[in-house]
Structure formats: structure tokens, C-alpha cells
Amino acid sequence: MTTIEELIKRGDALIIVDVQKDFCPGGALPIPDGETVVPVLNKWIDAAVARNVPIYASRDWHPVGHMSFKERGGLWPPHCIQDSDGARFHPDLNLPGGSIKITNGVRFDKDQYSAFDDTGLAEELRREGIHRLWVGGLAEDVCVLATILDGCREGFEVTLITDATRPITPEGGESARKKMQDAGARVIQTG
Ligand code: VGL
Ligand code: ZN
């Protein structure tokens, strides 16, 4: 069996998408079994640290009354409001001090599902000599999907860690998985 440490190497990055309390059961926009990604991602974090592979963690970080909220005609209940408890990373996610945070959803005029959208992430990764991305997080059919599609479009070799992600709906997850694979993303399951 291939271990994570055998898979990841120099030139890779681990991208952890929106593993925040509001996206887990008990939160404002709970994703079924969302919390189950945490122990899996912790294994990837350990391996990334051991191999000196950088870790980028995105977070959804909306102003009060964001345009993506239902009260403003958007799709979602209010969630991940800046500095709220629900916007915190899941408390069991062992993000090391050296991990790099990417903040999304702060714009007043549009939502940003992808960690690449208006963040400069692609340029930053290229500057760091990174060409392969291992991706997990929430939700598979929203922000993980958008991040992976952009990662592929930007020319990175992208792998989705299937046991480190969960969709909002099973149908959404199925269609997202297909779109990601059609875009050239690979899929892998941990151990
Ligand atoms: C997300 C819905 C609204 C996500 C963010 O992180 O997948 N989903 N905002
Ligand atoms: Zn959001």
C-alpha cells in the first residue's frame, strides 16, 4: 500500500478548502458528515509537514449581510461571518503554524467559491515552483469543485482526495466529481 508520505513530494502543495465549523454538522450551512474530512486531512497535514510540502488553507469569510445570503437574494443561509465562531477552522484540524491562509468571500459585489478567484494563488504557487496540488475540504460540489476546476485551468496537476471531501447533496457530489475528472483532475482515496 502506498502511504501519503510516499505520494507527496517537493513541488507539491496541500490545499485544504473551507474546513470551517459552519460547514460541519451543528453549523450554519452544515454539510452531511462534513466533520469526517478532518481526521483524513490531519494525516495529509502530517505527511506534508514531514515532507516539507506547503499547506494552503482557504476559509470562507463573509461580511454581515453578504450578497450570497438568502436575505440578499443569494443561495445560502448566513454562514462564515467574519470573526464569528462558525467561521473558525474546525477545532480538530491540526493546521500547523506555518500553513498559509487564503480568505474568500469578502467581496461585496460577488461571491468567490474558488480559492484561486481574485486571490493571486496561481501566481503564488508558480512562484514557489509548485505544479502538483492535493486537494480536500468542503464542500465538494461548491468550493472544492470551483477550486479544482480553476487549478486544472491554471495548468496544475490536481488530485482530489475523495475521502477528504463531502458534498452538500449526493447528486451535486456526483456531478461535481464528473466535472472535475472531465477537467483532468485525478482522484485518490487515502490508504
Ligand atoms: C461554500 C456555499 C457557500 C463552500 C461557501 O465553501 O463550499 N458553499 N459558501
Ligand atoms: Zn460562502
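These numbers were taken from a predicted model, which means no experiment stands behind them.

Rules of the game
- Residues numbered from 1 in each chain as written.
- Chains lettered and ligands numbered in written order.
- Predicted model: local features only at pLDDT ≥ 70, side-chain atom pairs only at ≥ 80, totals over all residues.
- Heavy atoms only, no water.
- Buried < 20%, exposed > 50% of the residue type's maximum accessible area, 1.4 Å probe, protein only.
- Helix = DSSP H or I, 4+ residues; strand = E, 2+ residues; numbered from the N terminus.
- Pairing = 2+ DSSP bridges.
- Right-handed = clockwise from strand over helix to strand, strands pointing away.
- Salt bridge = Lys/Arg side-chain N within 4 Å of Asp/Glu carboxyl O.
- Near = heavy atom within 4 Å.
- Polar contact = N/O pair within 3.5 Å; in protein donor to acceptor, adjacent residues only side chain to side chain.
- Areas by Shrake-Rupley, 256 points an atom, 1.4 Å probe, with all protein chains shown as cover.
- Nonpolar A, V, L, I, M, F, W, Y, C, P; charged D, E, K, R; others polar.

**What about the pairing of strand 4 (residues 132-138)?**
Moving on, step 1. Burial of strand 4 is extensive: 7 of the 7 residues sit out of reach of the surface.
Moving on, step 2. Where strand 1 (residues 12-17) meets strand 4, 6 bridges bridge the pair, whose relative direction is parallel. Across the sheet, Ile15 pairs through a bridge with Val135, a residue of strand 4.
Moving on, step 3. Assessed by its sense of winding, the connection that carries the chain from strand 4 through helix 4 (residues 143-153) to strand 5 (residues 157-166) is right-handed.

**Regarding the pattern of salt bridges**
Moving on, step 1. What the rule picks out here adds up to 13 salt bridges.
Moving on, step 2. Residue Asp12 is joined to Arg132 by a salt bridge in which the shortest nitrogen-to-oxygen separation is 2.9 Å. Of this pair, Asp12 sits in strand 1 while Arg132 sits in strand 4, and the two are 120 residues apart along the sequence.
Moving on, step 3. The class of Asp12 is buried, set by a relative accessible area of 1%.
Moving on, step 4. We note a salt bridge from Glu157 to Arg186, for which the minimum N-O separation is 3.9 Å. Of the two residues, Glu157 sits in strand 5 while Arg186 sits in strand 6 (residues 186-188), which places them 29 residues apart along the sequence.
Moving on, step 5. For Glu157, a relative accessible area of 34% translates into the label partly exposed.

**Describing the site of ligand 1**
Moving on, step 1. Near ligand 1, the surroundings consist of Asp18, Phe23, Leu29, Asp60, Trp76, His79, Leu138, Ala139, Val142 and Cys143.
Moving on, step 2. A distance of 3.0 Å is found between a nitrogen atom of ligand 1 and a side-chain nitrogen or oxygen belonging to Asp60.
Moving on, step 3. Leu138 has a polar backbone atom sitting 3.4 Å from an oxygen atom of ligand 1.
Moving on, step 4. Protein chains bury 100% of the 260 Å² of accessible surface belonging to ligand 1 in isolation.
Moving on, step 5. Looking at the shell around ligand 1 residue by residue, the classes come out as 7 nonpolar, 1 polar and 2 charged.

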